[in-house]
Amino acid sequence: MMKYRITYYLSLISMVILFSCNNDDNSSVDSNNTFLPVSFQVGFSGQTLTASKVNAVISNGEITINALKGANNESFSFTIAGNTVGTYPTNESVILYTTGPNQPIYSSVNPADALTNTGQIVITSINTVNNRISGSFTYTGYYREGLITYTKEFTNGTFKNVPYTIGIQ
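So, a few notes on the structure that sits alongside this text. Everything numeric in this text was worked out from a predicted model, so none of it was measured.

Using the criterion set out here, one finds 15 aromatic pairs in the structure. Seen from their ring centres, phenylalanine 76 and phenylalanine 154 are 5.5 Å apart, and the 85 degrees between their planes marks the pair as edge-to-face. In this pair, phenylalanine 76 is assigned in strand E7 (residues 74-80) and phenylalanine 154 in strand E13 (residues 148-166), connecting sequence segments 78 residues apart. We classify phenylalanine 76 as buried; its relative accessible area is 1%. For phenylalanine 154, a relative accessible area of 0% translates into the label buried.

The following block contains the structure:
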């Protein structure tokens, strides 16, 4: 359980650092002057969330992705246990979702059994020339309040051309 607390706090810290350095333009131009639209979206509770800012860091063999929507700071934070193209089960990675500060955090970690796989993250592309990462995800999020556990299904998640930096290796 300590691993998940540390991962949670590291994700929050990296989110603050990444978004404090990000401009408001969620697109970029690659080395060949080709427009690269950046996107992050996911469906849940009958709606689709589209992030207004998204960044990533590849560091120490892991990928961290942070996505933020709007002034309320609705956000997703991923810590993926790998740094290559492939499929990663959520029982080896962590996804966190919250609607804002002091709000419930829906984690991909099942509180009844932390080893249960609750979904997957698929890294489909890591563009090392332009430092962009793309992929998809789906998972069941868990929020526990006292003895009650709430769940939320996150489906059709995609991220495309997310800019990444290389952190400490």
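Further notes follow.
Right, let's get into the nonpolar core. Ranked by internal contacts, the top residues of the largest apolar core, which has 29 residues, are Phe40, Phe76, Phe78, Phe137 and Phe159. Listed by contribution, the elements that provide at least two residues to this core are strand E3 (39-44), strand E5 (53-59), strand E6 (62-69), E7, strand E9 (94-98), strand E11 (119-127), strand E12 (132-145) and E13.

Take unusual backbone geometry next. For residues other than glycine, phi is negative in most cases, and the peptide bonds are mostly trans. For serine 45, which is not glycine, the phi torsion reads 50 degrees and is therefore positive. Assignment of secondary structure puts serine 45 in the loop between E3 and strand E4 (47-50). Residue classification places serine 45 among the exposed residues on the basis of a relative accessible area of 55%. Of note, asparagine 60 is a non-glycine position whose phi angle comes to about 50 degrees, a positive value. Following the sequence through the fold, asparagine 60 ends up in the loop between E5 and E6.

Parameters and conventions
Residues numbered from 1 in each chain as written. Predicted model: local features only at pLDDT ≥ 70, side-chain atom pairs only at ≥ 80, totals over all residues. Heavy atoms only, no water. Phe/Tyr/Trp six-rings, centres within 6.5 Å; stacked < 30°, edge-to-face > 60°. Helix = DSSP H or I, 4+ residues; strand = E, 2+ residues; numbered from the N terminus. Buried < 20%, exposed > 50% of the residue type's maximum accessible area, 1.4 Å probe, protein only. Core = buried A, V, L, I, M, F, W, Y, C linked by side-chain atoms within 4.5 Å.

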